[in-house]
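Here is how the chains run, residue by residue.
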Amino acid sequence: MIEQINVGVIGTGWCGGIRTKACSDNPLVDKLFIAEINDARRAEVAEQYDVHEAVSDWQNLILNPDIDTIIISATPETTHYPMALAALQAGKNVFMEKPIATTLEQADELIQTAIDKEVKFTIGYSQRFNSKYAYVQKALTEGLIGEPVTCLVSRHVTRELGSKISGRTALSPAAMEATHDLDFLLWCLRPRKPVKVYSQTAGKLFSKNSDTPDHQWILVTMDDGTTITVGAGWILPLGYPNYAHTWIEVIGTDGALIIDDSHKDVHLTTTKDGIRYPMSSMPGEPVNHTYAGPMYEETVHFLDAVCRNKPVLVKPEEAKEVMDLYTAADLSVERGEPVMLPVNSYG
Ligand SMILES: NC(=O)c1ccc[n+]([C@@H]2O[C@H](COP(=O)([O-])OP(=O)(O)OC[C@H]3O[C@@H](n4cnc5c(N)ncnc54)[C@H](O)[C@@H]3O)[C@@H](O)[C@H]2O)c1
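Position numbers for residues start from 1 in each chain and track the written sequence from start to end. Per-residue local features are limited, in this predicted model, to residues with pLDDT of at least 70; the limit for side-chain atom pairs, both in listing and counting, is 80 or more; totals at the level of whole chains, interfaces and linings are taken over all residues.

1. Notes on the environment of V195
Consideration 1: Numbering of helices and strands runs from the N terminus, with a helix taken as a DSSP run of H or I at least four residues long and a strand as a DSSP run of E at least two residues long. Here V195 is to be found in strand 8 (residues 194–202).
Consideration 2: Judged by the 14 C-beta atoms lying within 10 Å of it, V195 is partly exposed.
Consideration 3: Look past the residues within four positions of V195 in its chain and what remains in contact with it is T221, M222, D223, M340 and L341. Between the buried cut of 20 or more and the exposed cut of 12 or fewer other C-beta atoms within 10 Å of a residue's own C-beta lies the partly exposed class, and all C-beta atoms are placed from the backbone. Here, residue contact means that the backbone-derived C-beta atoms of the two residues sit within 7 Å.

Written out as structure tokens, the structure is:
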């Protein structure tokens with residue numbers, strides 16, 4: 001058991017801001033460092049939280065022997081691999097926002113480096129820390145609805161968020177949005193493995209300016225015959241900043257679980273903005289002394305895993321399996337036919 005750790009957060013935008021707050025509040029963290037290239041945002045976060053030192057160059061955090069744990073929340077996602085590799089090679093524990101990498105070779109290298117250096121390494125699949133989702137995993141593991149037959153997750157986020165994500169990366173809705181739900185269902189259905197995937201995209205809005213689809217459906221067959229359907233769309237009109245609307249159906253031989261994660265339970269109407277749904281984004285948001293959503297607890301879990309030497313909930317090998325699945329889904333779109341798994345295109 002380590003009494004306290006020193007943490008560095010790289011990239012303190014939306015998610016990195018939440019991670020910084022969670023670390024700043026936590027007694028397991030002694031010194032908190034941030035690296036942020038946006039001067040105004042760096043000053044804002046440093047002032048808002050208990051930050052020991054704020055720098056612009058992330059390499060300073062890697063070179064600092066005082067820091068034992070790094071959280072990577074920068075964008076674009078292509079920045080993650082060099083940051084994670086450098087941090088792991090320096091013997092630091094690493095929490096990295098999804099995706100694990102942009103190629104399977106990079107994912108393998110990061111996983112192996114973490115093993116060699118005997119440090120914690122995990123990926124931000126935050127929905128596993130949403131209690132509704134954890135309940136599905138618990139119910140399936142305990143056989144509450146018998147043998148699973150079919151699972152559906154349909155998720156839509158706002159076009160504001162869709163433009164932000166697709167504007168910084170060429171990654172598909174499968175890689176950037178459905179990835180959370182593929183991870184969630186693979187986690188729930190373990191030790192079953194995906195064996196086949198078929199995927200289609202549709203696009204009429206974003207396609208006016210780029211080749212980004214508006215929506216992607218992914219249909220997966222598991223090795224015991226269970227089917228998974230995951231839909232990811234990012235063109236909803238604004239309902240609240242970064243609003244997410246999700247509907248889950250899990251049908252089993254002895255029962256069914258229907259989860260409404262549409263965030264319509266809190267309904268705010270103002271003459272200025274009309275109807276809004278507060279506390280409705282995927283990471284969630286602080287509400288005074290409480291936090292509505294999974295990202296805060298996910299961060300606390302990681303700090304706890306490092307200090308108490310406990311296993312991380314999201315193993316990097318699992319994140320690589322998710323990557324293998326959404327990469328195969330994108331290949332299916334390209335080919336217009338089902339793809340068999342695993343796709344070991346690199347060897
Ligand atoms: N788990 C979830 O629910 C969830 C939700 C949204 C986003 N994400 C993931 O979190 C990550 C961050 O997304 P976001 O929406 O917070 O992005 P963001 O754009 O709001 O924040 C990224 C920050 O990184 C900073 N940055 C960029 N390059 C940097 C560098 N070289 N050094 C230091 N700082 C740098 C930017 O200035 C910005 O402030 C992404 O990987 C995204 O996929 C996860």
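There is more to say after this.
2. Examining unusual backbone geometry
Consideration 1: The residue after T75, namely P76, is reached through a cis peptide bond having omega 0 degrees.
Consideration 2: Within the secondary structure, P76 sits in the loop between strand 4 (69–72) and helix 4 (80–89).
Consideration 3: The linkage connecting L341 with the following residue, P342, adopts the cis geometry, with an omega of -5 degrees.
Consideration 4: With respect to the helices, strands and loops of the structure, P342 is situated in the segment after strand 17 (339–340).
Consideration 5: Of note in this structure, H263 is not a glycine but carries a positive phi near 60 degrees.
Consideration 6: You will see that N288, though not glycine, has its phi angle at about 50 degrees, which is positive.
Consideration 7: By the secondary structure assignment, N288 is in the loop between strand 15 (285–287) and strand 16 (290–292).
Consideration 8: Of the residues examined, N288 has 5 C-beta atoms within 10 Å and is grouped as exposed.

3. Focus on the site of the ligand
Consideration 1: Taken together, 24 residues form the shell around the ligand, and within it G11, G13, W14, C15 and E97 come nearest.
Consideration 2: A per-element tally of the shell around the ligand places helix 1 (residues 14–25) first, with 3 residues.
Consideration 3: Ten residues, namely Ala, Val, Leu, Ile, Met, Phe, Trp, Tyr, Cys and Pro, are considered nonpolar, four, namely Asp, Glu, Lys and Arg, are considered charged, and the remaining ones, Gly among them, are considered polar. For the shell around the ligand, a count of residues per class yields 9 nonpolar, 10 polar and 5 charged. Nearness rests on one distance test: the residue's C-beta atom, set from the backbone, must lie within 6 Å of the molecule or strand.

4. As for the sheet that holds strand 4
Consideration 1: Strand pairing requires that DSSP identify at least two bridges connecting the strands. The parallel open sheet is built from 6 strands, whose spatial order is 3-2-1-4-5-6. The strands lining the two open edges of the sheet, one partner per strand, are strand 3 (53–55) and strand 6 (121–124). Averaged over neighbouring strand pairs, the angle between their axes works out to 15 degrees when direction is ignored.
Consideration 2: In the sheet, strand 5 (residues 93–97) pairs with strand 6 via 4 bridges, with the strands oriented parallel. By the bridge assignment, F95 is partnered in strand 6 with T122.
Consideration 3: Axes, fitted as lines to C-alpha atoms, cover a helix only where it is in contact. Angles between the N-to-C directions of the axes lie from 0 to 180 degrees. This element, helix 1, spans strand 1 (5–10), strand 2 (29–35), strand 4 and strand 5 of the sheet and lies at about 165 degrees to strand 1.

5. Here's the deal with the nonpolar core
Consideration 1: Residues enter a nonpolar core if they are buried, belong to Ala, Val, Leu, Ile, Met, Phe, Trp, Tyr or Cys, and are joined to the set through C-beta atoms within 7 Å. With 79 residues, the main nonpolar core has I10, I72, V94, L185, L325 and Y326 as its most contacted residues.
Consideration 2: The element that contributes the greatest number of residues to this core is helix 8 (residues 173–189), accounting for 11 residues.
Consideration 3: The start and end points of each domain follow an automatic or database-based domain assignment. The residue makeup of this core includes at least three contributed by each of domain 1 (5–119) and domain 2 (128–290 + 322–340).
Consideration 4: Contacts of I72, omitting those with residues within four sequence positions, involve I10, G11, H80, M83, A84, V94, M96 and E97.
Consideration 5: Of all hydrophobic cores here, the second largest spans 7 residues; its members include L161, Y243, A244 and M282.

6. A closer look at the domain arrangement of the protein chain
Consideration 1: Segmentation of the protein chain into domains returns domain 1 (5–119) and domain 2 (128–290 + 322–340).
Consideration 2: Each partner contributes residues to the interface: domain 1 has 12 residues there, and domain 2 has 9 residues.
Consideration 3: Mapped by element, the contributors of at least two residues to the side of domain 1 that touches domain 2 are helix 1 and helix 5 (104–117).
Consideration 4: The dominant element in the side of domain 1 that touches domain 2, judged by the number of residues it contributes, is helix 1, at 3 residues.
Consideration 5: Of the residues that constitute the side of domain 1 that touches domain 2, the class distribution is 8 nonpolar, 1 polar and 3 charged.

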